[in-house]
Structure formats: C-alpha cells, structure tokens
Amino acid sequence: MPELSRFYGIKICMYFEDDEQHHKPHIHVFYGEYEAVLDFDGIMLVGSLPSKQYRLVSGWIALHEDELYRAWNEAVRGKNPNKITPLTKR
C-alpha cells in the first residue's frame, strides 16, 4: 500500500489495483484509531475521521486533485504512484 502523503498525524495511502470495491478513484486515510476512504470530491465512502482532520484531508484533496488522478491511474495498473506534497503550516 503506497503512502502518498503524511501530515499532521494523517497518513494518506492508495492501494494497488483497488478499483473493485468502490469503483471510483479514492484514497485511504488513517489518523490514530480512525480509518476512512474518501473519493476525490472529498466524500467519505467508508469509515470516519474527526471533523478537523476531515477538513484538512478535504482541502488537501482539492489542492492536489490532478496529482491524485495521476496516482490513481498508476496504482490501478499496479505501478507505484508518486508522493504528493503534504499540507504544511504557512
């Protein structure tokens, strides 16, 4: 399971060839004991996250949508997607 990014204790991953269960591009998000699957519109498909972390991930998705689609296309072909820049404090 390639890790795409990590910030503020949030780990974002994308599984290889993971298009059978959800049938749409998505990421797996881990934060402490929380796990969730979000699509590239920021909609939670499965699981849960605290609201603050959900907002952070949703914002990150919006900033990196093109990179996420490129990563998805690589991952469903069984290739390792590139890392994506994490959120940082300004």
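This text goes with the structure placed above it.
Notes on the structure in this doc start here. Please read these numbers as outputs of a predicted model, since none were measured by experiment. (Residues numbered from 1 in each chain as written. Predicted model: local features only at pLDDT ≥ 70, side-chain atom pairs only at ≥ 80, totals over all residues. Heavy atoms only, no water.)

## As for the pairing of strand 4 (residues 34–39)
Stated precisely, the cut-off is as follows: Strand pairing is assigned whenever DSSP identifies at least 2 bridges connecting the two strands. Here a strand is any run of E in DSSP of at least two residues, a helix any run of H or I of at least four, and the numbering for each starts at the N terminus.
With 6 bridges connecting them, strand 3 (residues 26–31) and strand 4 associate as antiparallel partners. Counted as the bridge partner of Tyr-31 is Tyr-34 from strand 4. The hairpin formed by strand 3 and strand 4 contains 2 residues between the paired strands, and Gly-32 there has a positive phi angle of roughly 55 degrees. The antiparallel hairpin formed by strand 4 and strand 5 (residues 44–47) contains 4 residues in its connecting segment, where Gly-42 sits at a positive phi of about 85 degrees.

## Regarding a nonpolar patch on the surface
What counts, and what does not: Patches draw on residues past 30% relative accessible area with no salt bridge. Two like charges within 9 Å are joined, as are two nonpolar side chains (Val, Leu, Ile, Met, Phe, Trp, Tyr) within 5 Å. Shrake-Rupley sampling with a 1.4 Å probe provides the accessible areas, and residues are treated as covered by the protein chains on show and by no other component. Salt bridges, as used here, are contacts in which a Lys or Arg side-chain nitrogen is within 4 Å of a carboxyl oxygen on Asp or Glu.
On the surface, a cluster of nonpolar side chains totalling about 220 Å² of accessible area is made up of Ile-43, Leu-45 and Val-46. With respect to the helices and strands, the residue Ile-43 is situated in the loop between strand 4 and strand 5.

## Things to note about the pattern of salt bridges
A side chain with one charge may pair with a side chain of the opposite charge, provided their charged atoms come close. Cut-off, in case you're wondering: Exposed residues in this analysis have more than 50% of their type's maximum accessible area, buried residues have under 20%, and partly exposed residues fall in between, with area computed by a 1.4 Å probe over protein chains only.
All told, the structure shown has 3 salt bridges when counted by the stated rule. One salt bridge connects Glu-3 with Arg-6, and the closest N-O pair in it is separated by 2.7 Å. Glu-3 gets classed as partly exposed once you look at its relative accessible area, which sits at 23%. Between Glu-74 and Arg-77 there is a salt bridge, with the nearest N and O atoms lying 3.8 Å from each other. Judged by its relative accessible area of 28%, Glu-74 is partly exposed.

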